Structure formats: C-alpha cells, structure tokens
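One-letter residues, chain by chain:
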Amino acid sequence: MFWLTLAFVIDQITKYIATEYWRFNPTRLFNFFYLTYATNKGVAFGLFSSSKEIVIYLTLVIIIGLSIIPLFKKLTFWTNMFLGFIIGGALGNVVDRIRFGYVVDFITMPYWPTIYNLADFFILVGGIGIGLVLLWRRDIGDQRNSEGERLETGQIRSGESTELDFKNVHSESNKEWGDKSK
C-alpha cells in the first residue's frame, strides 16, 4: 500500500507542477530531459483517444484485478513494491482521465517520439521489475511455510500445508486387489 500511495502522490504533485509552472515556461533538465506541458486524451502514443470511457473502465478493471493479487498470493518485498508502482501509476492516470478528460504529460527527451509523465514511468519500472523478479526466481509459484514444506495455492496465505501423501497410495491399492506383480 505504501508504494501505491507513493507513486500516486508523486505523480499527482508533478502533474500539478507541470500544469502550473511548465505550461508556459518549458524547462531543460540535465541537458537531457525537457519539462513542458501537454495533454493526452488517449493511452500510449495517443491511441484510443476517441474511446475515453472504454479506457477508463478497462484501466479500472486492471487496477482492481492487480489489487486483489495480494489477497491470494504472499508477495515478496520487491514484487509488492513493483506491483504498487504499477497500480499507483495507473491510478494516477485514471484519476486525470476522470477529472479532466485527459492525462497531463510533461517529460520529453530529444529523439524520443512521445511525451510522458511519472505515472507512465512508474508503470514501466513496475512492469520491468516484476519481469526481472520472475526471471530471477527459479521457484516461480513454489511457496514454502516456516518448516520448508511446499504449499499449495489455497494454503499460501495461511502458511498451512495440506499436501497429500502419495508415497504409499499404490502399495495400499495393490494389497486390496492382490499384488500380482510379485
């Protein structure tokens, strides 16, 4: 929740600054970034600019879907941080779309075709971060409790193991039917 709030608040503050200060006075930063003011009624590269309601509803569905992941899966610190960045960035952009009908963009670079904002940056960093976490982990989906026992999907949040003992299943079955393999 902290990372989501951090991403959202930073995004909204910088968009306010862009609207108030860089609207009529673009600024050069580190000789690489240009801080200016622009609006975007669509998504990336201005796509779907005529479908504002669809973009809002789809973004809200994605935000809700991503927000319920921690209810079903215990997340590591890094995964929680990157997921918070994605949700916070998406929430920052959808709030702009609902309030103004467009998203405030203010960062551009030479030779870069688009202008973006910090919400877009948080979404990008979160997506790359989750991708790296998934690549780095060799045990994707393999959660263990404090005793080191592997947990099934339903037990991940509670930390309890309900694994079945499959070692002796065939030996009991063979006794019932009369073991003919001997």
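Summarised in this report is the structure supplied together with it. (Residues numbered from 1 in each chain as written. Predicted model: local features only at pLDDT ≥ 70, side-chain atom pairs only at ≥ 80, totals over all residues. Heavy atoms only, no water.)

For the rest of this paragraph, the subject is helix H1 (residues 2-21). Relative to the 28 Å expected for 20 residues at 1.5 Å per residue, H1 spans 28 Å between its end C-alpha atoms, a close match to the ideal helical length. Here the buried face of H1 lies against strand E2 (33-40), helix H4 (77-100), strand E3 (103-108) and helix H5 (118-136). (Helix = DSSP H or I, 4+ residues; strand = E, 2+ residues; numbered from the N terminus. Expected span 1.5 Å × (residues − 1). Contact = heavy atoms within 4.5 Å.)

The subject of this paragraph is the pattern of salt bridges. Scanning the model with the defined rule gives two salt bridges in all. For Lys-15, the salt bridge is made with Asp-11, and the minimal N-O distance between the two is 3.0 Å. With Lys-15 and Asp-11 both in helix H1, this residue pair falls four residues apart, about one helical turn. Relative accessible area serves as the criterion here: at 3%, Lys-15 is assigned to the buried category. Notably, a salt bridge pairs Lys-15 with Asp-96, separated by 2.8 Å at the nearest N-O pair. Highlighted residues: Lys-15 in helix H1 and Asp-96 in helix H4, separated in sequence by 81 residues. Judged by its relative accessible area of 1%, Asp-96 is buried. (Salt bridge = Lys/Arg side-chain N within 4 Å of Asp/Glu carboxyl O. Buried < 20%, exposed > 50% of the residue type's maximum accessible area, 1.4 Å probe, protein only.)

Right, let's talk about unusual backbone geometry for a bit. Despite not being glycine, Phe-30 shows a phi value in the positive range, around 60 degrees. Take Phe-30: it is sitting in the loop between strand E1 (27-29) and E2. The exposure class of Phe-30 is exposed, given its relative accessible area of 70%. Backbone geometry places Asn-31, a non-glycine residue, at a positive phi of 55 degrees.

A few words on the sheet that holds E3. Pairing between the strands of a sheet comes from backbone hydrogen bonds, and it takes one of two forms, parallel or antiparallel. The antiparallel open sheet is built from three strands, whose spatial order is E1-E2-E3. Of all the strands in the sheet, just E1 and E3 have a single pairing partner and so form its edges. The average angle at which neighbouring strand axes cross in this sheet is 40 degrees, direction not considered. The pairing of E2 with E3 spans five bridges and is classified as antiparallel. Following the sheet pairing, Leu-35 is matched in E3 by Ile-107. Across the sheet, H1 is in contact with E2 and E3; its angle to E3 comes to roughly 80 degrees. (Pairing = 2+ DSSP bridges. Axes fitted to C-alpha atoms, helices over the stretch in contact; angles between N-to-C directions.)

A few words on H5. In a regular helix each residue adds 1.5 Å, so 19 residues correspond to 27 Å; H5 covers 26 Å between its end C-alpha atoms and thus fits that length. Among the residues of H5, Ala-119, Phe-122, Gly-126, Gly-129 and Val-133 are the ones counted as buried. One side of H5 carries all its buried residues, which in axial view fall inside an arc of 90 degrees. Counted as exposed and oriented over 90 degrees from the buried face of H5: Leu-124, Leu-132 and Leu-135. Considering only its buried residues, H5 is in contact with H1 and H4. (Arc of directions from axis to C-beta.)

Here the focus is the nonpolar core. By size, the foremost hydrophobic cluster in this structure holds nine residues: Ala-18, Trp-22, Leu-35, Tyr-37, Val-104, Phe-106, Ile-107, Met-109 and Tyr-116. For this core, the elements supplying multiple residues, two or more each, are E2 and E3. Ranked by residue count, the leading element in this core is E3, at three residues. When residues no more than four places from it in sequence are discounted, the contact partners of Ala-18 are Arg-23, Thr-36, Tyr-37, Val-104 and Phe-106. (Core = buried A, V, L, I, M, F, W, Y, C linked by side-chain atoms within 4.5 Å.)

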